[in-house]
Amino acid sequence: MADFNNIQSKSILVIGDIMLDAYYTGDISRISPEAPVPVFKRERERSVLGGAANVASNLIAAEQKVSLMSLIGKDSDGEYLKKKIAKMGINTELIETDERRSTTVKTRFLAGHNQQVIRMDVEDAVPIDEELSARMLSKLRDRVSDYDLILLSDYMKGLLTYEFTQEVISIGNEANIPVLVDVKDRHVEKYSGAYLLKPNLNELRNLTGLSISEDKDREIINAAEILRKRCNCKYVLATCGSKGMVLTGEDEPGYFNKAVAREVFDVTGAGDTTIAYLSACMVNGFSMRESVDIANCAAGIQVSKVGTSSVYWREIRSVQSRKAMNVEQKILKGEALKKFRKIHEEQVVVFTNGCFDILHSGHVKYLRKAASLGEVLVVGLNSDASVKRLKGPTRPINNQEDRAEILCALGFVDYVVIFDEDTPLELIKMIQPDVLVKGGDYTPETVVGADFVKSRGGELFLIPFVEGKSTTNIIRKIEGSK
């Protein structure tokens, strides 16, 4: 397998529609007296790269050398967007400005627990004119040999017309440079001749005219193969949401890769992350299956975040190394515990603790939620002696070695630390978490270690327990059935 710990910086050109994704975060607590509509009180705002610019951003995070060819309006939003792109280290020399169009801006309003309540779009999807198209294509012909791969990101905002797209694919093929396309248009002939197409399930239905059931693997594979042959492409990668993704090709009858199990907060940008990491892996010599595996992993990380954002190799390495760990590697003690924070100094560390005696679905949901709040989850586990002092002489039911092994079997748990004290305060000081998590039966004032974590700039999260799920109830039920 190719070594994703030794990624080379290859030159990738992204061509497509770029935009600005703006996020207003605030609160809705009253109804307007002017009309029966909620009042959104803005508290803070941020803006990130969207569309093809988000693909380019993820390629930068994947440690690639990136150039961007696109079209923006001659307005303040376009100027700000171009500066933001350049600041990330993306080459902007091939971005054209058109005074007749508006730069695309998508503004999302988030309230409560990052719940999107409305989106406002400003866009101009007028097709590119012949003169501007010819100028951009001429620049591409002059520079095509500078690139190792070309990636088209179609958001149907006017740049990737049929004629322009076909010319780009032709230029890439003549230079023997693979052209990958994140598709959007219903017109299948527009993408003919590309090396790989990446539709989602709905786009696959539109491009083939077939009714495809999400739960029928053979229908998805057959549709992907039909699309591949119609477009004379070498591969089709169909993304199927929570199901995962499937790759078909001349030498690939249908490779399914299940979705990485993570709690979904926001699917915005997941497709951009997928195509970016697929491209970064392919251009670095990974096999197609290896590329799909890592792209799927990156997409899983993306959807666990809020809003459009980049995924970094260190996050993927963390997930991959987590899968490869055995029980002994996951249990932190001795020198490994002392060196832990230095090794993970650039990652968001989450810490929680408990007895986790008879593990049930409430525990699993609680720990999965905790894992979603950062990049590395450390679980402090009360020792047998500690549990006896807290719960009484009949507990624990399972000894500390068994409890630790069961926790280690959960993919989203990165490390387990067994501690003998009545509270995890000293362990928290050693781990130095960025996020401290406890159950909803606590208050901020009663959580041990909260003051220490907050003093370092960290956060405290209280996660409600699942109603009716507890080790005590399970024990009572067993005792009652005797």
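As the structure is a prediction and not an experimental result, all values here were calculated from the model.

A. The arrangement of the overall build of the chain in detail. Tallying secondary structure elements over the chain gives 17 helices and 18 strands in all. Split into buried and exposed, the 482 residues of the chain put 52% on the buried side. Of all intrachain contacts in the chain linking residues separated by at least 6 positions in sequence, the fraction that spans at least 24 positions is 69%. Total accessible area on the chain stands at roughly 22,800 Å², and carbon and sulfur atoms take up 48% of it.

B. Fine view of helix H14 (residues 400-408). For H14, the complete set of buried residues consists of Gln400, Arg403, Ala404, Leu407 and Cys408. Mapping the buried residues of H14 onto a view down its axis gives an arc of 135°, with all of them on the same face. Structurally, the start of H14 carries an N-cap: the backbone nitrogen of glutamate 401 is 3.1 Å from a side-chain oxygen of asparagine 399.

C. Spatial organisation of the confidence of the model for the chain. Counting all residues, the mean pLDDT for the chain is 88, and 90% of those residues have values of 70 or more. Overall, residues 261-266 carries pLDDT values under 50, and its contacts beyond four positions in sequence, including any with other chains, amount to 23 contacts.

D. Looking closely at the nonpolar core. Formed by 50 residues in total, the largest nonpolar core has its most connected members in Leu68 and Tyr277. At eight residues, the largest contribution of residues to this core is made by helix H7 (residues 270-283). The contact partners of tyrosine 277, leaving out residues within four places of it in the chain, are Asn58, Ala61, Ala62, Ile294, Ala295, Ala298, Val311, Tyr312, Trp313 and Ile316. Judged by nonpolar contacts, the second largest core, of 43 residues, contains Met136, Ala223, Ala224 and Cys240.

E. The arrangement of the sheet that holds strand S1 (residues 11-16) in detail. In space, the nine strands of this open sheet follow the order S5-S4-S1-S8-S9-S10-S11-S12-S13, with mixed pairing throughout. In this open sheet, the two strands that pair with only one neighbour each are strand S5 (91-98) and strand S13 (252-258). Neighbouring strand axes in the sheet, compared pairwise and without regard to direction, differ in orientation by 15° on average. Sheet topology places strand S9 (residues 179-182) next to strand S10 (residues 196-198); three bridges connect them, and they run parallel. The residue of S10 that forms the bridge with leucine 180 is leucine 196.

F. Fine view of the side chain of threonine 165. Mapped onto the secondary structure, threonine 165 falls in helix H4 (residues 162-174). With a relative accessible area of 1%, threonine 165 lands in the buried category. Among the polar contacts made by the side chain of threonine 165, one reaches the main-chain carbonyl oxygen of threonine 161 at a distance of 2.7 Å. Beyond its immediate chain neighbours, meaning those up to four positions away, threonine 165 contacts Leu152, Leu160, Lys190 and Tyr191.

Thresholds applied
- Residues numbered from 1 in each chain as written.
- Predicted model: local features only at pLDDT ≥ 70, side-chain atom pairs only at ≥ 80, totals over all residues.
- Heavy atoms only, no water.
- Helix = DSSP H or I, 4+ residues; strand = E, 2+ residues; numbered from the N terminus.
- Buried < 20%, exposed > 50% of the residue type's maximum accessible area, 1.4 Å probe, protein only.
- Contact = heavy atoms within 4.5 Å.
- Areas by Shrake-Rupley, 256 points an atom, 1.4 Å probe, with all protein chains shown as cover.
- Arc of directions from axis to C-beta.
- Polar contact = N/O pair within 3.5 Å; in protein donor to acceptor, adjacent residues only side chain to side chain.
- pLDDT = per-residue confidence, 0-100.
- Core = buried A, V, L, I, M, F, W, Y, C linked by side-chain atoms within 4.5 Å.
- Pairing = 2+ DSSP bridges.
- Axes fitted to C-alpha atoms, helices over the stretch in contact; angles between N-to-C directions.

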